[in-house]
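# Summary of the model geometry
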Amino acid sequence: MNIVTKSLSWTGAIVLAFVLFGGNTSDALACGAFDLAIDKDGPAMVDPGDEITYRLKVRNTSKDGRGVDIKVTDTIPHGLNFVSSKLPTYSPSNPSNVKRLEKFGQPSCSQKGGDIVCKLPYLDKGKSVNIDLTFRVSHQQACTVLKNQARVDAREDKQYGED
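In what follows, the accompanying structure is described. Note that the coordinates shown come from a computational prediction; the quantities given were computed from them, not determined experimentally.

The next thing to look at is the pattern of salt bridges. The full count for this structure, using the stated rule, is five salt bridges. Notably, a salt bridge pairs Arg59 with Asp39, separated by 2.8 Å at the nearest N-O pair. With a gap of 20 residues between them, Arg59 in strand E7 (residues 51-60) and Asp39 in strand E5 (residues 36-41) connect regions that are remote in the sequence. When its relative accessible area of 18% is taken as the criterion, Asp39 is described as buried. Between Glu51 and Arg136 there is a salt bridge whose closest N-O contact spans 2.7 Å. Within this pair, whereas Glu51 is found in strand E7, its partner Arg136 is found in strand E12 (residues 128-137), the two being separated by 85 residues in sequence. Glu51 gets classed as partly exposed once you look at its relative accessible area, which sits at 44%.

And the structure:
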């Protein structure tokens, strides 16, 4: 029996973006001097017991700013169990990004209650990063719509200057 994973808030590749200090929008956010956006993509249909992966693409769409200490929060839909995450490894070559990495650490994800919280040390202007989150669909789920939402928030980098 199939489970529908789409909700009214998205079709196919979705864009959900929420920032604590920037307000809500369905596309991207103005956050002071930098803009962040998050795209979320997942399967349209799944069966109980399946593993499914959602890809979150976090983008810094600003012309000037860099976000640091970025937190992506994905609320786990009822009926899904977190299995794993896949994140990029940062290996900066410029001194300012080395300092950012030393301060904020490599990207990581962990489960905190009903959320998966992923942390990124920084995201340069015009850059993006993918986060893959894998879940297992509960065998008790049948004929259900799974609503999955994510949000991103960060601080503007003012400490290390431009590179």
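Now that the structure is up, let's keep going.
A few words on helix H1 (residues 95-104). Within H1, the full set of buried residues consists of Ser96, Asn97, Arg100 and Leu101. The arc enclosing the buried residues of H1, seen along the axis, measures out at 140°, which places them on a common side. Counted as exposed and oriented over 90 degrees from the buried face of H1: Pro95 and Glu102. Packed against the buried residues of H1 are strand E8 (67-75) and strand E11 (115-123). Backbone geometry just after H1 places Gly105 at a positive phi near 80°.

A word on the state of the cysteines. In total, this model carries one disulfide according to the counting rule given. Here Cys109 connects covalently by a disulfide to Cys118, the sulfurs 2.0 Å from one another. Residues Cys109 and Cys118 share a disulfide whose torsion about the S-S bond is about 105°; that sign makes it right-handed. Under the relative-accessibility criterion, Cys109 is labelled buried at 18%. A relative accessible area of 2% means that Cys118 is categorised as buried.

Next up on the list: the environment of Pro88. With respect to the secondary-structure elements, Pro88 resides in the loop between strand E9 (80-86) and H1. Residue classification places Pro88 among the partly exposed positions, given a relative accessible area of 27%.

Before going further, it helps to spend a moment on the pairing of E12. Burial analysis of E12 places seven of its ten residues in the buried class, which makes it a mostly covered element. Of the pairings in the sheet, the one linking E7 to E12 comprises nine bridges and is antiparallel in character. Within E12, the residue paired with Tyr54 across the bridge is Leu133. Summarising the sheet, E9 and E12 pair through six bridges and their orientation is antiparallel. Opposite Lys86, over in E12, you have Asp132 as the bridge partner.

Conventions adopted
- Residues numbered from 1 in each chain as written.
- Predicted model: local features only at pLDDT ≥ 70, side-chain atom pairs only at ≥ 80, totals over all residues.
- Heavy atoms only, no water.
- Salt bridge = Lys/Arg side-chain N within 4 Å of Asp/Glu carboxyl O.
- Helix = DSSP H or I, 4+ residues; strand = E, 2+ residues; numbered from the N terminus.
- Buried < 20%, exposed > 50% of the residue type's maximum accessible area, 1.4 Å probe, protein only.
- Arc of directions from axis to C-beta.
- Contact = heavy atoms within 4.5 Å.
- Disulfide = S-S within 2.5 Å.
- Pairing = 2+ DSSP bridges.

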